[in-house]
Amino acid sequence: MKKLKNIILLTLSAAFLAGLGSCSKDLEIENPNSPTITNFWKTAQDAQNGINAIYSTYHRVGLARNEFFLTIIRSDEGFSTSPNPVLVNNFDVFNVTDYNLWETTTVWQDLYIGIARANQVLDNVPQIYMDETIKNQLLGEAKFMRGFFYYYLATLWGNVPVLLKTSVPSDYPPTTKQADVYAQCEKDFSEAASVLPISYDAANVGRATKGAAYGMLGKCYMQMHQYSKAADAFNWLTEGAGKDVYDLVTNYRDNFLESTENNKESVFEFQNAVNPTDNHDDDASGNPDNLNYGTSIPPFFAPRPIGFTDGQARRWCVWEFLKEKTTDGKRDPRLAASFLYDSTDERGPDYSMIYGQTFSSRGYADVSGDPIAVATTHTVYFRKFLNDATSNGEVFHSGNNYRYLRYSDVLLLYAEALNAMGETTKAYPFVNRVRARAGLAPLPAGLNQVAFLAQLKHERITELCGEGHRWEDLVRWGDLSTKLSARDQGFSHYTDKYALLPIPQYERDVNPNLVQNKDW
Amino acid sequence: MNNHFYQNYGRCEQYRPHLFKWRGPLTNVKNSLPFARILLFIVAILIFNLTKAQSPVEVSGKVKDSYGLPLNGVSVQVKRSNNQGNQTKVLGTLTDENGAFNISVHAGDSVVFSFVGFKNYRLVYQGQQNLEITLTPIGSLQDSVVVIGYQTVLKKDLTGATGVVNMENATKISAGTVAEGIQGLVPGVTVRNGGAPGQNSVIEIRGVGSFQNASPLYVIDGMLSDANVTINPDDIASVQILKDASAAAIYGSRAGNGVVIITTKKGHAGEPLVSLSGKYGFQQLPKTWEVMNAASFLKTAQQQYANSGVAMPKDIANQLQNNTINTDWQKAVYRTSAYQDYTLGISGGSPSATYYVAGSYYGNQGTVVGNNFTRASLRINTEVHKGRVTFGENLMLTDNNNDYPGGGVNVFYNSSQMLPIIQVKSDDYKDPIQYPSNPGGWGIGSSNNPTYANNYLAAAALDKVSNEYGKLVGNAYLQIKLAKWLTYKFNAGLEVSYDYSQEIRDTGIWRYTNQPPETFVSEERSRFTNLLLENTFNFDHHFGKHYINGVVGFSRTQQEREYTGAARNLLQDLNGTLYTTIGSAIGSPSATGGINNKWRSHGWLGRVNYNYADRYLLTLTGRIDQDSRFGPEYRTGYFPSAAAAWRISKEDFFKSNTVNDLKIRGSYGQLGFSDALTPWQYVGFINSSTRAIYGTDQKPQLGQYQSIITNPDLHWEKRNQLDIGTDITLLDNRLNLTVDWYNSTSKDVLLIVPLPQYLGSSGSPFVNTGSIRNTGIEFSAAYHNHDRAFKWDLAGNFTTIKNKVLSVGNQGADANGNKVNYLQPANFVRSQVGHPMASWYVIKTDGIFQSTDEVNNYKNKDGKIIQPNAKPGDIRFVDLNGDGQINDDDRTFAGSPWPTLQAGLQFNGSYHNFSINMQWVGVFGNKIYDDVRRPLDSYQLVNFRSDINPWTPENTNTNDPRLAIDNGNDPSVSANNMAQTDRWLENGSYARLRNLEIGYNFQTDFLSKMKIHNARLFVSGQNLLTITKYKGLDPDVANNNLGMRGMDSGFWPSSRIYSVGIHMEF
């Protein structure tokens, strides 16, 4: 009897045990935190959101801040007196020892994040059942953006891996030669140009356009010295259908103010906005409520103590503007728009306003004992990214759009292409149009090809100084050399290897198929 | 559980050594006798045996516990030998509530006293009139019962490698966590202390076999729950550490890093016993950096600027002329602070029910201002028996508060770097031009006095974080004795934790060029639940010389954590009152979190122990686990193990007067480890964090894509472990030795494969691809001598762990087709196949250039000058590959962060009422990367160590390079300071006097009037002495990143604690 009771108890317990165990559904738990990949890339909205992810890329720290050290400070326009020697060594005096430098590799990484986003769209959107016109436009935008990111890689690092499909961990691509990277950009921009709209409605202005694609296509050819192809591409903007879309704004400074973004001179802009609750700029993790979707460069360029002054302008840039007066005998109005310095106001330091205070009252004139002594009295700050017109300080989230490609740049590049093709005369009106907006007289006729190019170099400095194109210009013109040390001492340490950045060591450690750039 | 072990124990009696070799009665008899008298005593026994008195005697007596409390219900059995020498029971009785008993006994009879939770006590009756018996609780050494997971066994019958912590030593340590208390006590167990209040210690068992997580699994009274700082160590009765596969396999997929089994204190039948222990102490940092005062700093800085031909910053120049500021920053931030630990407990019960209730308070302010940790806890353990049914519960309620500064300012870096010519705070620093956004006037660098060091005190004042952890953890169980040999147990465990964290950011900055955020308050609330349901059957049977016992069962775990976070900026500050709730803030609100992670696992478990004649022991253990954290194809795992032992000392051929017990054992098995993963990592998910801006309104537009590449093939890490060991007891059971050799090979180790950045993945997936081997020898010895008035015991252990990376998975191939076989979290550290994990990988230095000629003559074989920018006084680096330049290709292996030898030594002595405890720990053979010294010795905009000896043309016999400013004009200065060189590596060996305690036991007579059974007063000093060459604050470094284990990135040093305490029972 007792034994029976035990057996019953035992059986019941065993049954209970088995019952719990057999319930394998118990182990199927849905992820409530985010949709899985199997539920995505199904609708037109998914496609649109995929495109938005690509555009988000230029708010990441590489493109919203660090690239400007490479494109502006490293060139002969800029230099650094930062107390942080890393910036001085790497972006001013060509003393690069760390191939994994955060400031540099974040640019690399963010460009490839953008490319991965574009590749996902290009791989998945074609299968989505949706309006074909819109689909084509979206694919065009993705191609444009992918080309755009590769263009940066080609200009900065030159020989880089090219990935055109959704990434898988087993991708160990070889190095692609710089010319072939440009060729990929060319392909993307061409295909984008054929499908992108000429313009957008108010709700969508700022997205990639046909004009932007032709502009970038032209820039690609310019860097490859394929001038007639470049001219063909620019032609759509300068003499073709785009001629009626774009124009120069009357007031040059409007190109750098938040209130006049996406104007008729704008060919392609990084779209920035202020998030007052921002505290990070990693748009792939962290809390989107605190995501910075602005640029953080103003505090890095602003004069101390408003900002860090990690980069500033060389004085010779100012002199370029003073070489010539306007037709009515005034100073080139672009000078004050380009720099904050002791004479941003022609009357001098007592009148030149630096964030609500005069240059003098901020004590910049007093140099004794200043660790950046040599620079101070001569200090010139890049102004174009700053918000000094509207604010007395700078924060990490500036909503001011970065006008990456302006119509005046296109006009000058078109002229340069024509001149390079031997059609110097044909190039004149495009340069004069840019000069006229600044109030300058037309160029004297009869300049030969060499003299015209020399003149163009002056025009580009005065029109585009501090906008991030100087390094490319110097590369294209073959002007990178220690000769530049006459106006930028940093170049005394320049050697040819610095024409390209070193491929990050990290990447080569992981993928030794990658070849390091020459002499690094 | 208790019943079960009791059976075991009774059975063992028959295998006991002869009475005269048995230490039990001799040491337990009141007023234990000196050696000579023991001899006499033995002689007397022999005479009595010869004379064999035949008439029975009525004897009365009393049974007490070691505190002198009467024990009610103790079984007293009289056994008599017949002519064949077989003992039979002739009489049995129980003690009454006063512990008293009466028996009728013959001389020569054995009298056995037995009681649950205590060691059996046996004596041969020799005609004594009054028997005063003191039973000792199940305590140490070979007789002790060891919890091995769902079962208990005698320590002597262990087949697997199980470390048993000597709690007497562990409780001497002033420790916030269980782990902290056991540093140096158990071989094979590595503990690294965290010195911050409320910081958890790092504990690792048999080395690190994972790149992600090396923490063991904790089991507290059968509940699988973390024993972090929220658990009061004073509540703990015993700690066992399951080290090898056989021991740990019952926990299957979560046991890969070893298992720590904690049993909390239980009540014993008897009068209520109140125990009070209190400790109050002062703590301080044992060491601070020796940095310069203002005068030396100014002189050195002047030299530095002069050397570089750079104008001095204005403030340095001014202070040189008239030095008005001399701040000792370390003195300003470090403090001597209070350390308190109190526990009040009451326990008792009857044979049918027992209880233990204890309340405790622990307070640790830490050695740095702005920190505080407090813990209040309540424990209630009860157990009720009725017939075949036992019901019990173990419950702990705890509330913890932890305050510290936010803002991520590491005080150990910054307080040593900060310039002595900056004041902590002054109205001078309120000038909005020189010091924008600094309304508090905190001392920071400026363009006139550049330094990027943070003012820690400003951070502590402006950014306050407080955390509160409220936690309930416990389990309840129902045990039914189904048959004499079979017990069913249902165990339900629950852990619920409510965590709250608040950060309040006031206006202002703590560093030169800091960008001040808006004021804000951010709050995070999280809820954690951990639910355990278990059904187990324990069986236990012996027939003839065969003895078999074991357990089978099913276990289900569910864990869930939910976070919600919110923040709002712009706090209102009205007339100096700061309003700090989200409701009172007036700026933009944001949600900072809101996720839910949940997983479940099912486990079928079983273990069989077989014992033949106490000579041959075999243990087979297995577990099948299923876990929701893996994809359906990888959900099930099998974790088998086997162990065998041979007690040679029981063999007939074994005859030794020296060796009392000798057992050799071996085990092999496989464990899993799954706790490095959060749920759902096996399936790709869509990131919704990106935002595009376009349109004239520039409004953010939702962007979505798959931001992280995923790996659908995720599964558990595996550990294959082989263990061979021996347990030896010698010299009348006075000396216990245990030696183990093991080989633990981790396979399928989760790695974040370092994806190239060009893949554009924001983060990398885990891949089961690594393999790490740890091999080592563990040795422990314990000797005790309690025969004389001066009683002492000495225990020592050492551990060697050899860590070797066997695989880091497929990292592609290099240009020559060679496999890339390393991981590299920073450019000076590598986990490479064939080398220990996280080995240093650096450019070697080779002294200092003494002259321009030396620079120019330092060429490679092609005649290329290797360091053309160098000047005399700069560091010479080894051009390892001979390519004529110094770069990352010249790096090489330069030591590892893992000690070659770890040791512990504990000494306890007592003389009359005085006692002494001394504990030493030693760690030898490791290298530490001193990242706190790196910025100091780089000389750039920081204070200097006071003992630097920079090179000058006149001072050439030094390893410190010349003083110079790194402003871009002097490229070799930044070369001197490169992070990836051996300049920053230091010998991490140390020996430390971990604890020294002197105690005094008050006389029972004196206190008995006050009904105090026992009172002990002690003073102790912790971390009084550390012998090391390490220059940093504490060589006891454990970087949270396992891949950079030996990097001292401002690790909080262990405190030196002087304390006085009392322990009383009444």
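Residues numbered from 1 in each chain as written. Chains lettered and ligands numbered in written order. Predicted model: local features only at pLDDT ≥ 70, side-chain atom pairs only at ≥ 80, totals over all residues. Heavy atoms only, no water.

> How would you sum up the pattern of salt bridges? Please name residues and give values.
Considering all chains together, one arrives at 87 salt bridges over all chains under this definition. The shortest N-O distance in the salt bridge between Asp-123 of chain A and Lys-165 of chain A comes to 3.3 Å. With a gap of 42 residues between them, Asp-123 of chain A in helix H5 (residues 102–124) and Lys-165 of chain A in the loop between helix H6 (132–156) and helix H7 (178–195) connect regions that are remote in the sequence. Salt-bridge contacts for Asp-157 of chain B lead to Lys-156 of chain B; the nearest nitrogen and oxygen are separated by 3.3 Å. For Lys-156 of chain B, a relative accessible area of 15% corresponds to the buried category. In this structure, a network of salt bridges that share partners links the residues Glu-265, Asp-332, Arg-334, Lys-384, Arg-406, Arg-437, Glu-463 and Glu-467 of chain A. (Salt bridge = Lys/Arg side-chain N within 4 Å of Asp/Glu carboxyl O. Helix = DSSP H or I, 4+ residues; strand = E, 2+ residues; numbered from the N terminus. Buried < 20%, exposed > 50% of the residue type's maximum accessible area, 1.4 Å probe, protein only.)

> Give me the interface of chain B and chain A: which residues, what numbers.
Taken together, the 95 residues of chain B in the interface contact 106 residues of chain A. Summing both sides of the interface, chain B and chain A together bury roughly 8600 Å²; the carbon and sulfur share of this comes to 57%. Our count for the contact surface shared by chain B and chain A stands at three salt bridges. Applying the counting criterion to the chain B and chain A interface returns 30 residue pairs in polar contact (both at pLDDT 80 or more). No other element matches strand S28 (residues 589–612) of chain B, which puts 13 residues into the side of chain B that touches chain A. Here the side of chain B that touches chain A is built from residues that sort into 43 nonpolar, 39 polar and 13 charged. (Contact = heavy atoms within 4.5 Å. Buried area = accessible area lost by both parts, 1.4 Å probe. Polar contact = N/O pair within 3.5 Å; in protein donor to acceptor, adjacent residues only side chain to side chain. Nonpolar A, V, L, I, M, F, W, Y, C, P; charged D, E, K, R; others polar.)

> Please provide a residue-by-residue account of helix H2 (residues 44–56) of chain A, values included.
With 13 residues, H2 of chain A extends 19 Å between its outermost C-alpha atoms, agreeing within 8% with the 18 Å of an ideal straight helix rising 1.5 Å per residue. Of all 13 residues in H2 of chain A, eleven are buried; the element is thus mostly enclosed. For H2 of chain A, the full list of buried residues reads Asp-46, Ala-47, Gln-48, Asn-49, Gly-50, Ile-51, Asn-52, Ala-53, Ile-54, Tyr-55 and Ser-56 of chain A. Those residues of H2 of chain A that are buried are in contact with H5 and H6 of chain A together with strand S32 (687–694) and strand S33 (699–705) of chain B. (Expected span 1.5 Å × (residues − 1).)

> If you had to explain the packing of aromatic side chains to someone new, which residues and values would you point to?
Residues and elements named next belong to chain B. Tallied over the entire structure, the rule returns 74 aromatic pairs over all chains. Measuring from ring centre to ring centre gives 6.1 Å for Tyr-362 and Phe-373, while their planes differ by 65 degrees; the resulting arrangement is edge-to-face. You can see Tyr-362 sitting in strand S19 (residues 353–364) and its partner Phe-373 sitting in strand S20 (residues 372–386), a full eleven residues away along the chain. In this structure Tyr-362 comes out as buried when scored by relative accessible area, which is 3%. Sitting over the face of the ring of Trp-599, Arg-629 holds its NZ or CZ atom 3.4 Å from the ring centroid. (Phe/Tyr/Trp six-rings, centres within 6.5 Å; stacked < 30°, edge-to-face > 60°. Lys NZ or Arg CZ within 6 Å of the ring centre and 35° of its normal.)

> Go over the pairing of strand S12 (residues 202–205) of chain B, please, and point to the residues and values.
Residue and element names in this part refer to chain B. Both faces of S12 are covered, namely the face carrying Val-202 and Glu-204 and the face carrying Ile-203 and Ile-205. Sheet analysis places strand S11 (residues 189–192) next to S12, joined by four bridges and oriented antiparallel. Residue pairing in the sheet places Thr-190 in a bridge with Glu-204 of S12. (Pairing = 2+ DSSP bridges.)

> I'd love a proper account of unusual backbone geometry, names of residues and values included.
Look at the link from Arg-304 of chain A to Pro-305 of chain A: it is a cis peptide, with omega at 5 degrees. Mapped onto the secondary structure, Pro-305 of chain A falls in the loop between helix H10 (297–301) and strand S3 (312–313). The phi dihedral of Leu-570 of chain B falls on the positive side, at around 65 degrees, and the residue is not glycine. For Leu-570 of chain B, the location among the structural elements is in the loop between strand S25 (546–569) and strand S26 (573–574).

> Tell me about the environment of Lys-156 of chain B, and name the residues and values.
Along the chain, Lys-156 of chain B turns up in the loop between strand S9 (152–154) and strand S10 (162–164). Counting along the chain gives 736 residues from Lys-156 of chain B to Thr-892 of chain B, while the straight-line C-alpha distance between them is 48 Å.

> Go over the sheet that holds strand S7 (residues 130–135) of chain B, please, and point to the residues and values.
Residue and element names in this part refer to chain B. Here three strands make up an open sheet; going across it, the order is S4-S1-S7 and the pairing mixed. Edge positions in the sheet fall to strand S4 (100–105) and S7, since each has one partner strand and no second. Adjacent strand axes in the sheet meet at a mean angle of 30 degrees when their direction is disregarded. Judged from the six bridges that link them, strand S1 (residues 57–65) and S4 form a sheet pairing that is antiparallel. Its bridge partner lying in S4, Glu-58 is registered against Ser-104. (Axes fitted to C-alpha atoms, helices over the stretch in contact; angles between N-to-C directions.)

> Lay out the sheet that holds strand S50 (residues 1047–1048) of chain B in plain terms, naming residues and giving numbers.
Residues and elements named next belong to chain B. Taken in spatial order, the three strands of this open sheet run S47-S46-S50, and their pairing is mixed. A single partner strand is all that each edge strand has here, and the edge strands are strand S47 (985–987) and S50. Summarising the sheet, strand S46 (residues 927–930) and S47 pair through three bridges and their orientation is antiparallel. Bridge pairing in S47 links Ile-928 to Glu-986.

> Go over the confidence of the model for chain B with me, naming the residues and quoting the values.
All names here are of chain B. Averaged over every residue, the pLDDT of chain B is 87; residues scoring 70 or more account for 92%. Long-range and interchain partners of residues 1–36, a stretch whose pLDDT sits below 50, account for 66 contacts in this model, where long-range means more than four residues apart. The low-confidence segment residues 41–53, where pLDDT is below 50, has seven contacts with residues more than four positions distant or belonging to other chains. (pLDDT = per-residue confidence, 0-100.)

> I'd like to hear about the side chain of Asp-409 of chain A, residue by residue, with values.
Checked against the element boundaries, Asp-409 of chain A lands in helix H14 (residues 407–420). Apart from residues lying up to four places away in sequence, Asp-409 of chain A is in contact with Lys-219, Arg-460, Leu-464 and His-469 of chain A.

> Could you give an account of the side chain of Asn-797 of chain B, naming the residues involved and the relevant values?
With respect to the helices and strands, the residue Asn-797 of chain B is situated in strand S37 (residues 790–808). A polar atom in the side chain of Asn-797 of chain B sits 2.8 Å from the backbone oxygen of Gly-184 of chain B.

> For the nonpolar core, give the residues involved together with the corresponding values.
Phe-144, Phe-148, Trp-157, Phe-268, Phe-301, Phe-339 and Tyr-404 of chain A are the most contacted members of the largest nonpolar core, which has 131 residues in total. Once residues lying within four places of it in the same chain are set aside, the contact partners of Phe-144 of chain A are Phe-189, Ala-192, Leu-196, Ala-208, Ala-212, Ala-213, Met-216 and Phe-268 of chain A. Counting residues in each nonpolar core, the second largest holds 43 residues, with Val-219, Ala-248, Val-473 and Leu-605 of chain B among its members. (Core = buried A, V, L, I, M, F, W, Y, C linked by side-chain atoms within 4.5 Å.)

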